[in-house]
Amino acid sequence: MAAEGPRTRINAWRPSVPGIAEVLHAHFTDHAYPAHTHDTWDLMILDDGSVDFALDRRRHGATGTGMVLLLPPGVSHDGRTVTASGFRKRVLYLDTTVLPEGLVGSAVDGPILNDTLLRRRIHQLHTALGNAGDAFEAESRLSLIRERLRFHLAAFRTRAPGNDASRLAAALRELLDSRLTTGISLREASGILHAHPTHLIRCFKQTYGLPPHTYLTGKRIDRARRLLLDDRRPADVAAAVGFYDQAHLNRHFTRHLGTTPARYAAARGGGASS
């Protein structure tokens, strides 16, 4: 966490997720951005307050938590607080592999998107980015966000799953099973299976009823349970089943089973769970 003045709070980092150049979480109360441009797309959600900004010399205002702001690369914009309480924002800086520069004109015409589903997906992506070891989930969520943004920008839509959905889903499941410990990126899986990332996700969910990152986590939890009952230490189990570290295992394990790995292991042989 870095402080840029007594009334400003900023947290910024570069995640290891292809397409995301930077993540920024900030609270500004009296800050005003001068006019500037970026090489990236700026995808922003507000968590509180209001912001006023100019994009390509046209002023816009956004208030509340229901809107999504998309500022395109290479186009001048500024930004400033509106009230004394300022605003809190979360921003994803996306490179042009996520959205091509050919969509800039559409974004200039409509930089504010009133889309609760898109906003929720962006929030979920920020949550995944804040958790070490959730890169696969973050890639999956980014792919769905990209498709939604392209829909808003009147770009081509990724084709819906068709007759090949089950075949692709089965191939992806086999690939995930084979990489349970080492993991695989969505980009690599797409290259191996010769399919668009979003199409892969949709085929998988249509066939199996859940997204691939959820499937992978569930498989890892199942294997972790077996190893814990074999008297393996939670820290060793985390590495053995592909979690980033013990904290990563603990978080997902508790969400799935309502208890920690250590408590689950301690209850083995007792006939009842903690």
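Everything discussed here concerns the structure shown above.
Now for a look at the structure at hand. Quick caveat: nothing in here was measured; it's all calculated off a predicted structure.

Section: the packing of aromatic side chains
Applying the stated criterion to the full structure yields 4 aromatic pairs. Residues F204 and Y215 carry aromatic rings whose centres are separated by 5.4 Å and whose planes lie at 65° to one another, so their mutual orientation is edge-to-face. Linking F204 in helix α6 (residues 197-208) with Y215 in helix α7 (residues 212-229), this pair joins segments that are 11 residues apart in sequence. Here F204 and Y215 have matching classes, each one buried.

Structural notes on the environment of D39
Topologically, D39 is positioned in the loop between β4 (32-36) and β5 (41-55). For D39, a relative accessible area of 72% puts it in the exposed group. Between the alpha carbons of D39 and A21 there is a distance of 10.0 Å; along the sequence they are 18 residues apart. The residues touching D39, leaving out its near neighbours within four places in the chain, are P73 and T96.

Remarks on the pattern of salt bridges
Taken as a whole and judged by the stated rule, the model has 13 salt bridges. Ionic pairing is found between D47 and R90, a salt bridge with its closest N-O pair at 2.8 Å. Of the two residues, D47 sits in strand β5 while R90 sits in strand β9 (residues 87-94), which places them 43 residues apart along the sequence. Judged by its relative accessible area of 19%, D47 is buried. Judged by relative accessible area, which is 11%, R90 ranks as buried. Between D115 and R148 there is a salt bridge; the shortest N-O distance is 2.7 Å. Taken together, the residues span a long stretch of sequence, with D115 in the loop between β10 (112-113) and α2 (116-129) and R148 in helix α3 (residues 135-152) at a distance of 33 residues. Given the relative accessible area of 5%, D115 is considered buried. Shared partners join several salt bridges into a network, and the residues in it are D52, R59, D78 and R80.

What to know about the nonpolar core
Formed by 43 residues in total, the largest nonpolar core has its most connected members in I20, W41, L43 and L92. Going through the elements one at a time, β3 (20-28), β5, β7 (68-71), β9, α1 (104-109), α2 and α3 are the ones with two or more residues in this core. If you tally residues by element for this core, the top one is β5, at 8 residues. With sequence-adjacent residues up to four places away left out, I20 is seen in contact with P15, L92, Y93, L94, L125, L129 and L142.

Reading guide: rules and limits
Residues numbered from 1 in each chain as written. Predicted model: local features only at pLDDT ≥ 70, side-chain atom pairs only at ≥ 80, totals over all residues. Heavy atoms only, no water. Phe/Tyr/Trp six-rings, centres within 6.5 Å; stacked < 30°, edge-to-face > 60°. Helix = DSSP H or I, 4+ residues; strand = E, 2+ residues; numbered from the N terminus. Buried < 20%, exposed > 50% of the residue type's maximum accessible area, 1.4 Å probe, protein only. Contact = heavy atoms within 4.5 Å. Salt bridge = Lys/Arg side-chain N within 4 Å of Asp/Glu carboxyl O. Core = buried A, V, L, I, M, F, W, Y, C linked by side-chain atoms within 4.5 Å.

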